[in-house]
Number of protein chains: 2
Amino acid sequence: MNQYYKKRAKFHVAVDCIIFGFDEGELKLLLLQRNFQPAKGQWSLMGGFAEEEENIDDSAKRVLNELTGLDNVYMKQVGTFGNIDRDPGERVISVVYYALIKINEYDRELVNKHNAHWVKMDEIPPLIFDHPLMVKQALELMQRQSSYEPIGFNLLPPLFTLTQLQTLYEAINAEKMDKRNFRKKVATMDFIEKTENIDKTNSRRGAYLYKFNNKVYKKDPKFNL
Amino acid sequence: MNQYYKKRAKFHVAVDCIIFGFDEGELKLLLLQRNFQPAKGQWSLMGGFAEEEENIDDSAKRVLNELTGLDNVYMKQVGTFGNIDRDPGERVISVVYYALIKINEYDRELVNKHNAHWVKMDEIPPLIFDHPLMVKQALELMQRQSSYEPIGFNLLPPLFTLTQLQTLYEAINAEKMDKRNFRKKVATMDFIEKTENIDKTNSRRGAYLYKFNNKVYKKDPKFNL
DNA sequence: TCAAAAGTGTTAATAGTACACCCATGA
DNA sequence: TCATGGGTGTACTATTAACACTTTTGA
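Residues numbered from 1 in each chain as written. Chains lettered and ligands numbered in written order. Predicted model: local features only at pLDDT ≥ 70, side-chain atom pairs only at ≥ 80, totals over all residues. Heavy atoms only, no water.

## Brief notes about the overall build of chain A
Definition in use: Working definition: helices are DSSP H or I runs of at least four residues, strands are E runs of at least two. Numbering for both runs from the N terminus. Only protein chains enter the accessibility calculation, which uses a 1.4 Å probe. A residue is then buried if its area is under 20% of the maximum for its type, exposed if over 50%, and partly exposed in between. What makes two residues a contact is simply this: any of their non-hydrogen atoms within 4.5 Å. Each accessible area is a Shrake-Rupley result for a 1.4 Å probe, and residues are judged covered by the shown protein chains and nothing else. Positive charges are assigned to Lys and Arg, negative charges to Asp and Glu, while His and the chain termini are left out of the count. For the purpose of locating charges, the reference atoms are NZ of Lys, CZ of Arg, CG of Asp and CD of Glu.
Scanning chain A for helices and strands turns up 6 helices and 10 strands. Considered along the principal axes of its C-alpha atoms, chain A spans approximately 65 × 40 × 30 Å. In chain A, which comprises 225 residues, the share counted as buried stands at 49%. For chain A, long-range pairs separated by at least 24 residues make up 66% of all intrachain contacts whose partners lie at least 6 apart in sequence. Accessible area of chain A: about 11,700 Å², with a carbon and sulfur share of 46%. Between the centroid of the 33 positive side chains of chain A and the centroid of its 31 negative side chains there is a distance of 5 Å.

Set out below in C-alpha cells:
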C-alpha cells in the first residue's frame, strides 16, 4: 500500500438502483419487498455492495443484472448519499443510479426470487433508509434528462405508436399533452421514423409503428419534448 | 459491527472540489500546483479524504474551508468517480462537488500555503488523474443549473451592476448576449432589485447597483437566463 | 351502424432575437 | 469637449398553446 493513503479511513460502498419501467400508460418502479436481512419484510430499492476489483458503474450494472437478467441497460448516476447514519446498521456510502428498462424483457424468475414488484410511481410504499429521497432525486433527474435527450425510447419496445410515445411522456412529466402539438413536434425529429408496420392491439383501425433511429439522431442530436 | 456487512470490501473515499470564481469578466478555477505528495509539482483539484464520523457533504465543506477559509459556500455534488485505476497510487473513490465563491472573500494566506492559483477556464493546465473529466462535468452541470436557478449570484458581490451580471452569464456560457434583451429579462425578475447605490469604478457616469433578494425569489421561484 | 382510437391544420399568444442611439460624467 | 461605459424601445421572427372534426375498422 502506498504511504500517502495508509492512515485513511475506509468505507463500505454500495450501489442502489432506481429501476423505471413503463406499462399500461404508467411509469413504474421495480422495488423489493425484502426477503432477506437487514430490514426483512420492508420495501427498498435493489442494491448491493461494491466489490474490490470493480468500477462503481460496473457494480451498478451487476446489481441491476442480478435482479433483471438484463445487460446493456441505459443507466445514469444520480448521486452519492453519504450521511453517517443513513443506514442504521453501519455506515454505508451509497452511489445511486437510475435505469430505464423495457418492461417486457426482464427475467421473471429472478425478479420473483428477489420478491420484487412493479409499483406505480404514485403508489410507492414507504421505503427504508433514505431510499425515498433517492427516488425523488432520480425522478427529477430523469424528467429533466428525458426532456432534452432521447432516453425515453429505452422504456419502449423497438417499435411503438405515437400514442404510446405521447403517453410515455405524459407519464414521465405527470401532465397531459395536446395530441396535435405533440405529433407536430415529433414530425420535426427525423430520427423518429415511421415504419410500414401497423399495430392493432389498441384500435380496430390500427396505428402506424415508429422507431427511433440513433444513427440519424447522432448526426444532428437535437431533441426536446 | 453488524453481521450483514462483515465480509464486505471497504474503500478509501475522497472528495474533490471544483472551485469557481468570477474575476475581471472571466470565469476561473482555483487549482493546486501540488506542493505535497503524491504527484508533487503537478496540477490538481483541491481534495481530501472523507473522515470516519463525517457526512460526505461535510467532507466537501471541510476541504473547501481548508483551502479558502470560507463557510456557507454554495456547493453542489457533481457525481462520484469510482473507476478502479483512476488514482494510480491506490483505489480511491472520489465524490466531486463544485463550489461557487466570491473571489474577493477567500483567505489569501491559506491559498498561498496550498500553492493554489486562480486559472482562467480556457487556460487550465493538464490536471492529474481523471480531474479533467471532473472539471468538464462540473462545468456542464453548473452551466445547466445556472440557467434555471439563481446560483450565479454566489459568484458576485452582494451588490453588483447589470453589466457585471451580464458579463458573468456571458462567461459561464461562453457567449455574448445582447445588452437590451438581457436587461429586459432581468427587469421581469423582481427579485433582482435596484438599489440607490451607484458604482463608479468602471465609468464616469456610474452604474446602479442591484441585489438579489432571496426572500422575494422564494415566493415565486422562476428564473431563466 | 356504431364505438373507439388514429390522424390531421389553423389561429392566437408568447417568447426570443436583432438592432442604434442618447445620457451622464470626470478628466 | 470628448471619450467611456450606462442606459433605453421597437419591429420582426420563431415557438408554443389552444382548439374539433374526420377516418378507419371490426364487432
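## Here's the deal with the protein's contact with DNA strand D
Applicable threshold: In these notes, residues near a molecule or strand are those with any non-hydrogen atom within 4 Å of it. In protein, a polar contact means a hydrogen-donor-capable atom and an acceptor-capable atom, both N or O and within 3.5 Å, with residues adjacent in sequence counting only if both atoms are side-chain atoms; elsewhere, any N or O pair within 3.5 Å suffices.
Lining the immediate environment of DNA strand D, one finds 20 residues, of which N181 and R205 of chain A together with K179, N202 and R205 of chain B sit closest. Sugar and phosphate atoms form 38% of the subset of DNA strand D atoms that lie within 4 Å of the protein. Contact between DNA strand D and N181 of chain A: a base nitrogen at 2.9 Å from a side-chain N or O atom of the residue. A distance of 2.8 Å separates a base nitrogen of DNA strand D from a polar atom in the side chain of R205 of chain B. Within the residue set of the surface near DNA strand D, elements represented by two or more residues are α5 (179-188) of chain A together with α5 (179-188) and β9 (207-212) of chain B.

## Structural notes on the relation of the copies chain B and chain A
The cut-off we apply is this: Least-squares fitting of one copy onto the other uses the C-alpha atoms of those residues that reach a pLDDT of at least 70 in both copies.
Once chain B has been moved 0.0 Å along the axis and rotated by 180°, it coincides with chain A to within an RMSD of 0.1 Å. The relationship between the two copies is best expressed as a two-fold rotation axis. With an isologous cut-off of 70% or more, the 100% of interface residues of chain B that recur at the interface of chain A puts this contact in the isologous class.

## Notes on the protein's contact with DNA strand C
Counted only if it meets this: The nonpolar class holds Ala, Val, Leu, Ile, Met, Phe, Trp, Tyr, Cys and Pro. Asp, Glu, Lys and Arg form the charged class, and all remaining residues, Gly among them, are polar.
What surrounds DNA strand C is a group of 20 residues, the closest being K179, N202 and R205 of chain A together with K184 and R205 of chain B. Within 4 Å of the protein, the atoms of DNA strand C are drawn from sugar and phosphate moieties in a proportion of 39%. At 3.0 Å, a side-chain N or O of N181 of chain B approaches a base nitrogen of DNA strand C. A distance of 2.9 Å is found between a base oxygen of DNA strand C and a side-chain nitrogen or oxygen belonging to K184 of chain B. Contributing elements (two or more residues each) for the surface near DNA strand C: α5 and β10 (207-212) of chain A together with α5 of chain B. Per-class residue counts for the surface near DNA strand C are 2 nonpolar, 5 polar and 13 charged.

## Some words on the domain arrangement of chain A
Residue and element names in this part refer to chain A. Filter applied, for reference: Where a domain begins and ends is set by an automatic assignment or by a domain database. Buried area is calculated as the accessible area (1.4 Å probe) missing from two parts once they are joined, with the contributions of both summed. Take a side-chain nitrogen of Lys or Arg and a carboxyl oxygen of Asp or Glu: if they are within 4 Å of each other, that pair is a salt bridge.
According to the domain assignment, chain A contains domain 1 (7-146) and domain 2 (151-219). Of note, the centres of domain 1 and domain 2, computed from C-alpha atoms alone, are 28 Å apart. Listed per partner, the contact involves 15 residues of domain 1 and 13 residues of domain 2. Taken together, both faces of the contact between domain 1 and domain 2 bury some 1,200 Å²; the carbon and sulfur share is 69%. Among the residues of domain 1 in contact with domain 2, F22, K102 and S146 are the three that bury the most area, contributing 46% of the side total. Between the two partners, domain 1 and domain 2, sit 0 salt bridges. Joining domain 1 to domain 2, the criterion identifies 3 residue pairs in polar contact (both at pLDDT 80 or more). Among the secondary structure elements, those contributing two or more residues to the side of domain 1 that touches domain 2 are β1 (10-23), β2 (26-33), β6 (92-100) and α3 (131-148).

## Quick notes on the packing of aromatic side chains
Residue and element names in this part refer to chain B. Stated precisely, the cut-off is as follows: Stacked, tilted and edge-to-face pairs are distinguished by plane angle, under 30 degrees for stacked and over 60 for edge-to-face with tilted covering the rest, among Phe, Tyr and Trp rings (Trp via its six-membered ring) whose centres lie within 6.5 Å.
This model, assessed by the stated rule, comprises 24 aromatic pairs over all chains. Note on F20 and Y98: the rings are 5.9 Å apart at their centroids and 80° apart in plane angle, and the pair reads as edge-to-face. Taken together, the positions of F20 in strand β1 (residues 10-23) and Y98 in strand β6 (residues 92-100) put the pair 78 residues apart, joining distant regions of the chain. Relative accessible area serves as the criterion here: at 0%, F20 is assigned to the buried category. Residue Y98 is classed as buried on the basis of its relative accessible area, which comes to 0%. Centroid distance F153 to F160: 5.5 Å. Interplanar angle 40°. Geometry classified as tilted.

## Regarding the pattern of salt bridges
If charged atoms from side chains of opposite charge come close, those side chains can pair. Residue and element names in this part refer to chain A. Per the counting criterion, the structure on display carries 22 salt bridges over all chains. Its salt-bridge partner being K176, residue E170 comes within 3.8 Å of it at the nearest N-O pair. Since its relative accessible area comes to 12%, E170 is described here as buried. Taking relative accessible area as the criterion, K176 reaches 74% and is therefore assigned exposed. Here the salt bridges share partners, and the residues they tie into one network are E51, E54, R62 and E66.

## Here we look at the side chain of T161 of chain A
Residues and elements named next belong to chain A. The residue T161 is located in strand β8 (residues 160-161) in this model. Residue class for T161 comes out buried when judged on its relative accessible area of 5%. If near-sequence neighbours (up to four positions away) are discounted, T161 is found in contact with D199, A207, Y208 and L209.

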